[in-house]
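# Commentary on secondary and tertiary structure
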Amino acid sequence: MRKKMPKSQVMDVKKATMEFTLLDQYGNPYPNIAKQKVVFYKAGEENEKVIFQTLVLDPSNKDYDPDKHGRLLVFTFATKKAGIYKNVQVFPIIEITDKFYGEIIDWE
C-alpha cells in the first residue's frame, strides 16, 4: 500500500502508523471487526511529495526485517484470520464493496 504526502508536512518523518476501520458500502463501520494498525515507511520522494509504503524491501532479500522494512498486505473474507503473520499482514473484508477509512495515529 502506498500513500503520498506533501513534503512540507512530513520532512522529518521516517515512518507513520495508520489505523484502518473496515466500512460497509454505505460507510458504516462493522461493529465486530477490529481496527487494523499498519506501519508505513518512507520510501522516497516524487513531485514534491514524500512516498510512504507498507513494504520497502522485498521479503526475499537477505537483509529483510519486517519490523524495519514492512509487510505485504493481503485481504481475506475469513475475518478471524486477520492479523500479522511474520512477513504478511492480513486485512479482513466481508463484502467486495467494503472500503477502509484510515487515520494517522503516530509518526516518528
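Here, the structure is the one placed above.
Residues numbered from 1 in each chain as written. Predicted model: local features only at pLDDT ≥ 70, side-chain atom pairs only at ≥ 80, totals over all residues. Heavy atoms only, no water.

Scanning all chains against the criterion turns up 6 aromatic pairs. Ring centres 6.4 Å apart and planes at 40° place the aromatic pair Phe20 and Phe40 in the tilted group. Taken together, the residues span a long stretch of sequence, with Phe20 in strand β2 (residues 15-23) and Phe40 in strand β3 (residues 36-46) at a distance of 20 residues. There is no split in this pair, since Phe20 and Phe40 are both buried. Three or more aromatic residues joined by ring pairs form one cluster here, namely Phe20, Phe40, Phe75, Phe91 and Phe100. (Phe/Tyr/Trp six-rings, centres within 6.5 Å; stacked < 30°, edge-to-face > 60°. Helix = DSSP H or I, 4+ residues; strand = E, 2+ residues; numbered from the N terminus. Buried < 20%, exposed > 50% of the residue type's maximum accessible area, 1.4 Å probe, protein only.)

So, on to the pattern of salt bridges. Evaluated as defined, the whole model comprises 6 salt bridges. For the salt bridge of Glu108 with Lys15, the shortest nitrogen-to-oxygen distance reads 3.9 Å. With Glu108 in the segment after β8 (99-107) and Lys15 in strand β2, this pair connects stretches of sequence that are 93 residues apart. Look at Glu108 and you get exposed, because its relative accessible area is 53%. (Salt bridge = Lys/Arg side-chain N within 4 Å of Asp/Glu carboxyl O.)

Further remarks concern the pairing of strand β4 (residues 49-53). For a regular strand, side-chain orientation follows a simple rule: the groups alternate between the two sheet faces. Of all 5 residues in β4, 4 are buried, a share of seventy percent or more. Pairing of strand β1 (residues 2-6) with β4 involves 5 bridges; the strand directions are antiparallel. When the sheet's bridge partners are listed, Lys4 is paired in β4 with Ile51. Here β3 runs beside β4; their pairing, made up of 5 bridges, is antiparallel. Bridge pairing in β4 places Glu46 opposite Lys49. Between β3 and β4, which pair antiparallel and follow one another directly, the connecting turn spans 2 residues, one of which, Asn47, has a positive phi of 50°. (Pairing = 2+ DSSP bridges.)

Structurally, the position occupied by Phe91 is in strand β7 (residues 88-92). The buried category is assigned to Phe91, whose relative accessible area is 0%. For the pair formed by Phe91 and Met1, sequence separation is 90 residues and the distance between their alpha carbons is 12 Å. Apart from the residues within four sequence positions on either side, Phe91 is in contact with Phe20, Gln36, Val38, Leu73, Val74, Phe75, Thr76 and Phe100. (Contact = heavy atoms within 4.5 Å.)

Spatially, 3 strands are ordered β5-β7-β6 in an open sheet, and the strand pairing comes out mixed. A single partner strand is all that each edge strand has here, and the edge strands are β5 (72-76) and β6 (83-85). Between one strand axis and the next, the sheet turns through 30° on average, direction left out of account. Across 3 bridges, β6 lies against β7 in antiparallel orientation. Bridge pairing in β7 links Gly83 to Val90. (Axes fitted to C-alpha atoms, helices over the stretch in contact; angles between N-to-C directions.)

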